[in-house]
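Understanding the architecture of this molecule
The primary structure of each chain is shown beneath.
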Amino acid sequence: MTVDHRQNHLEAIRAGLSVVVSPLQYLANLPAQAANWASESLATHTRLVDENRTLKQKQLLLEAKLQKFDALESENARLRELMHSPKKVAERMLIGELLAVDLDPFKRTVLLNKGRRDGVYEGQPLLDARGVMGQVIHTSSWTSTAMLITDPSHAIPVQINRNGLRAIALGTGGADVLEVPHIPNNADVHEGDLLVTSGLGQRFPPGYPVAWIKRVEKDLSAPYARITAEPTADLEKIREVLLVWLRSEEEAQ
Amino acid sequence: MTRLIHHNGGWAIWVSFGAALVLTMLPLPHWAELYRPEWAAMVLIYWCMALPARVGVATAWSLGLLLDVVRGSLLGQYALALTLIAWVTSQLHQRLRVYPLWQQALVVLMLVAMEQMLVLWVKGIIGEPPESWLYWMPALTSMLLWPWIFLVLRDVRRKFRVS
């Protein structure tokens with residue numbers, strides 16, 4: 001146990017055992033999958049048409065935004081060249097699905113249906129459409145376990161989008177609460193500020209939204225302000241997640 | 001020469017362990033997650049009681065390792081706990097067998113609480129202690145479900161002549 005906690009030698013054994021366990025995990029996922037399938041195949045025609053219409057509208061809006069984004073990206077690259085700073089790391093993405101499987105109720109971990117065979121590696125960042133969700137902690141051939149940013153043992157380096165103030169957001173174990181410790185009372189933090197990843201620590205890609213500052217309590221008798229934040233990602237409801245490859249392919253192998 | 005002891009139906013034991021692991025990770029509504037009984041421990045207690053020569057500490061250890069992988073916990077945490085349960089149960093198996101069901105259920109409460117205590121120690125040492133008293137609920141629900149588990153597994157044992 002000590003060896004597993006302190007070092008990572010046992011990761012191979014865990015991966016081997018996971019291969020035995022993953023059929024069971026897929027078995028446990030079956031009822032949820034069946035229910036999902038049933039609700040999809042029994043959906044009414046009108047509802048599908050409605051959904052289709054809203055999705056098309058949404059896509060149109062997003063495409064319009066994307067046009068601007070392309071222009072901005074090329075402009076950014078040009079400016080970076082002018083300043084002789086390195087270009088941003090190219091990122092590759094893959095959509096993974098959560099298996100409806102319960103793990104330890106006192107931790108915030110989830111099981112994904114993508115594993116080492118899809119190139120998933122330990123420490124890989126996990127996003128959803130609205131922000132950072134967490135990172136992969138164990139991988140096996142067909143599945144991988146990820147820790148959400150709300151897990152009590154998770155910490156993520158962030159900065160405030162408005163002024164670039166760096167901080168660390170800690171998970172609390174609560175469903176939708178992050179804690180931002182060690183911010184002085186006189187720091188420029190307000191409710192409603194957006195926290196984005198700072199990219200320090202080299203684990204998460206910089207610039208992705210993490211959380212909104214929800215409450216700032218400035219207690220002058222305490223050395224630091226008490227700040228709580230709410231994750232932007234829909235951690236409790238989402239089924240699909242994005243796995244991001246930050247490092248180059250050779251490095252990930 | 002014939003062997004004196006003939007083992008039979010080992011697959012039924014492993015299938016029941018597999019079922020226990022599936023029940024361990026079957027999705028439940030959020031509020032019910034904390035009340036999930038310790039299926040693996042209960043099935044293990046039954047087999048250790050019924051067939052102590054067959055299912056013992058070694059089986060418990062391998063089952064515990066699988067449970068660790070299922071829960072994503074520290075490797076060896078549940079292995080240690082289940083090993084202890086198996087040892088205590090096989091020490092007490094003759095007494096347990098003659099107990100009435102409600103008394104057995106009380107022993108199950110103690111055993112599962114012991115398992116959780118061990119896991120709690122380990123979690124405390126590595127710095128992730130659960131902060132709620134509801135942590136102990138699985139022991140209680142395991143106790144309440146024990147009579148049913150016992151009857152079901154006894155029927156399984158008789159039907160498939162597991163020995």
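Everything numeric in this text was worked out from a predicted model, so none of it was measured. (Residues numbered from 1 in each chain as written. Chains lettered and ligands numbered in written order. Predicted model: local features only at pLDDT ≥ 70, side-chain atom pairs only at ≥ 80, totals over all residues.)

1. Examining the interface of chain A and chain B
Listed by partner, the interface residues are 27 residues for chain A and 24 residues for chain B. Of all elements in the fold, only helix H1 (2–6) and helix H2 (11–41) of chain A reach the threshold of two or more residues within the side of chain A that touches chain B. Counting residues per element, the side of chain A that touches chain B draws most heavily on H2 of chain A, at eleven residues. When the residues that make up the side of chain A that touches chain B are grouped by side-chain class, the tally is 16 nonpolar, seven polar and four charged. (Contact = placed C-beta atoms within 7 Å. Helix = DSSP H or I, 4+ residues; strand = E, 2+ residues; numbered from the N terminus. Nonpolar A, V, L, I, M, F, W, Y, C, P; charged D, E, K, R; others polar.)

2. Considerations on the confidence of the model for chain B
For chain B, mean pLDDT is 87; residues scoring 70 or higher make up 96% of the total. Across chain B, the element-wise mean pLDDT spans from 89 in helix H1 (residues 10–25) of chain B up to 93 in helix H2 (residues 39–50) of chain B. (pLDDT = per-residue confidence, 0-100.)

3. Side note on the sheet that holds strand S3 (residues 125–128) of chain A
Residues and elements named next belong to chain A. Pairing is antiparallel around the closed barrel formed by six strands, whose spatial order is S1-S2-S5-S4-S3-S12. Across this sheet, the average inter-strand angle for adjacent strands is 45°, counted without regard to direction. Across six bridges, the pairing between strand S1 (residues 92–99) and strand S12 (residues 240–245) is antiparallel. Opposite Glu97, over in S12, you have Glu240 as the bridge partner. (Pairing = 2+ DSSP bridges. Axes fitted to C-alpha atoms, helices over the stretch in contact; angles between N-to-C directions.)

4. Topic: unusual backbone geometry
Most peptide bonds take the trans configuration, and most residues that are not glycine carry a negative phi. Phi at Gln202 of chain A is positive, roughly 60°, even though this residue is not glycine. Relative to the helices and strands, Gln202 of chain A is located in the loop between strand S9 (194–197) and strand S10 (209–217). Looking at Gln202 of chain A, the number of C-beta atoms within 10 Å reads 11, which means it is exposed. Even without being glycine, Arg161 of chain B reaches a positive phi, approximately 50°. In this structure, Arg161 of chain B sits in the segment after helix H6 (137–159). The exposed category is assigned to Arg161 of chain B, around which 9 C-beta atoms lie within 10 Å. (Buried ≥ 20, exposed ≤ 12 C-beta atoms within 10 Å, placed from the backbone.)

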